[in-house]
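# Structural features, examined
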Amino acid sequence: MNGRIPPIALAALLMGAPLAPPSNASGADSPSGMDEFQLRHLSSRERERIDRLVDRAALESLRRAIGQVETLVVRQRGTPGEERLLAKLGDLRQQRAQMEFRVGLHSRDESAYHRSLREAVATFDQVLRRFPDSEQVPQVLSWRAKANADLQQHAAAEADYRTLVRRHSQAP
């Protein structure tokens, strides 16, 4: 083990769950750092709470990563790396939307989810508009189509998928 507590184990500790050291030196009993007995004996409610804590930690990590990439995009404006950074920024925003959906399942508030998807689509639009010949175009079209489908913008999603097949059928 590298000395770090896995997120699920940290969440369980924060909830007051007892944790025993792993039964082998590598700590590879489970990805959570908890042994099989401990995992089996968590109630579904405790597991749900742990999952929510882990999801919130992952969401916060994505938010920090997005902020860092936004800073890099500004710094790299007009350089060859800008298109890749913009594509990655859109991808991270789409990932944030998916995580916001998971975190918001219990509140039924999907406004953050939809806002993040719209931000991802706007970023993908920018990549496609500014860098139409980029090698990133097939992936960006695919990501934008998925985001539009998640936003129930089916005509836009279908148009992107058709463009992807028509113009980039050989892309990986």
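Up top is the structure these notes are about.
A brief report on the enclosed structure follows. Starting from 1, residues in each chain are numbered consecutively following that chain's sequence as written. Only residues with pLDDT of 70 or above have their local features reported here, since the model is predicted, and side-chain atom pairs are shown and tallied only from 80 upward, although totals for entire chains, interfaces and linings are computed over all residues. Just so you know, side-chain values use all the structure's heavy atoms and leave hydrogens and water out.

### Quick notes on the packing of helix H6 (residues 137–150) against helix H7 (residues 154–167)
Axes here refer to lines fitted to C-alpha atoms; in helices the fit is confined to the stretch in contact. Angles between the N-to-C directions go from 0 to 180 degrees. Runs of E in the DSSP output that reach at least two residues are strands. Runs of H or I that reach at least four are helices, and both are numbered from the N terminus. The contact between H6 and H7 brings their axes to 8 Å, and the two run at 160 degrees. It follows that H6 is roughly antiparallel to H7 by the angle criterion. Where H6 crosses over H7, the handedness of that crossing is left-handed. Residues Pro 138, Leu 141, Ser 142, Arg 144, Ala 145, Lys 146, Asn 148 and Ala 149 of H6 lie in contact with H7, whose contacting residues are His 154, Ala 156, Ala 157, Asp 160, Tyr 161, Thr 163 and Leu 164. Polar here means any residue other than Ala, Val, Leu, Ile, Met, Phe, Trp, Tyr, Cys and Pro, which are nonpolar, and Asp, Glu, Lys and Arg, which are charged; Gly is therefore polar. Split into classes, the residues belonging to the contact of H6 with H7 amount to eight nonpolar, four polar and three charged. These descriptions rest on fixed angle ranges, namely under 35 degrees for roughly parallel, over 145 for roughly antiparallel, 65 to 115 for roughly perpendicular, and the rest for oblique. Rotating anticlockwise by less than a right angle from the far helix to the near helix defines a left-handed crossing, while the corresponding clockwise rotation defines a right-handed one. We call two residues in contact when some of their heavy atoms are within 4.5 Å.

### Topic: the environment of Ser 142
Among the structural elements, Ser 142 can be located in helix H6. For the pair Ser 142 and Tyr 161, spaced 19 residues apart in the sequence, the C-alpha separation amounts to 6.8 Å. Those residues in contact with Ser 142 that lie beyond four places of it in its chain are Tyr 161 and Leu 164.

### Remarks on the nonpolar core
Counting residues in each nonpolar core, the largest one holds 22 residues, and the members touching the most others are Val 69, Val 73 and Val 140. Counting residues per element, the ones that place at least two in this core are helix H3 (44–75), helix H4 (82–103), helix H5 (111–130) and H6. A per-element tally of this core places H4 first, with seven residues. Side-chain atoms within 4.5 Å are what join buried Ala, Val, Leu, Ile, Met, Phe, Trp, Tyr and Cys residues into a set we call a nonpolar core. A 1.4 Å probe rolled over the protein chains alone gives each residue an accessible area, and that area as a share of the maximum for its type sets the label: buried under 20%, exposed over 50%, partly exposed in between.

### Structural notes on H4
Each residue after the first adds 1.5 Å to the expected span of a helix. Given a rise of 1.5 Å per residue, 22 residues ought to cover 32 Å, and the 31 Å separating the end C-alpha atoms of H4 matches this to within 8%. With 16 of 22 residues buried, H4 is to be regarded as a mostly interior element.

### Observations concerning unusual backbone geometry
The phi torsion at Gln 152 lies on the positive side, around 65 degrees, for a residue other than glycine. Counting through the fold element by element, Gln 152 comes out in the loop between H6 and H7.

### Some remarks on the side chain of Glu 82
Here Glu 82 is to be found in helix H4. According to the relative accessible area criterion, Glu 82 is buried, its value standing at 1%. N or O atoms within 3.5 Å of each other form a polar contact, as long as, within protein, one can give a hydrogen and the other can take it, and as long as residues adjacent in sequence are counted only when both atoms are side-chain atoms. Polar contacts involving the side chain of Glu 82 include one to the main-chain amide nitrogen of Gly 78, which spans 2.9 Å. At 2.7 Å, the side chain of Glu 82 forms a polar contact with the side chain of Arg 130. Once residues within four sequence positions are removed from consideration, Glu 82 is found in contact with Gln 76, Arg 77, Arg 130 and Phe 131.

That is the geometry; function is a separate question.
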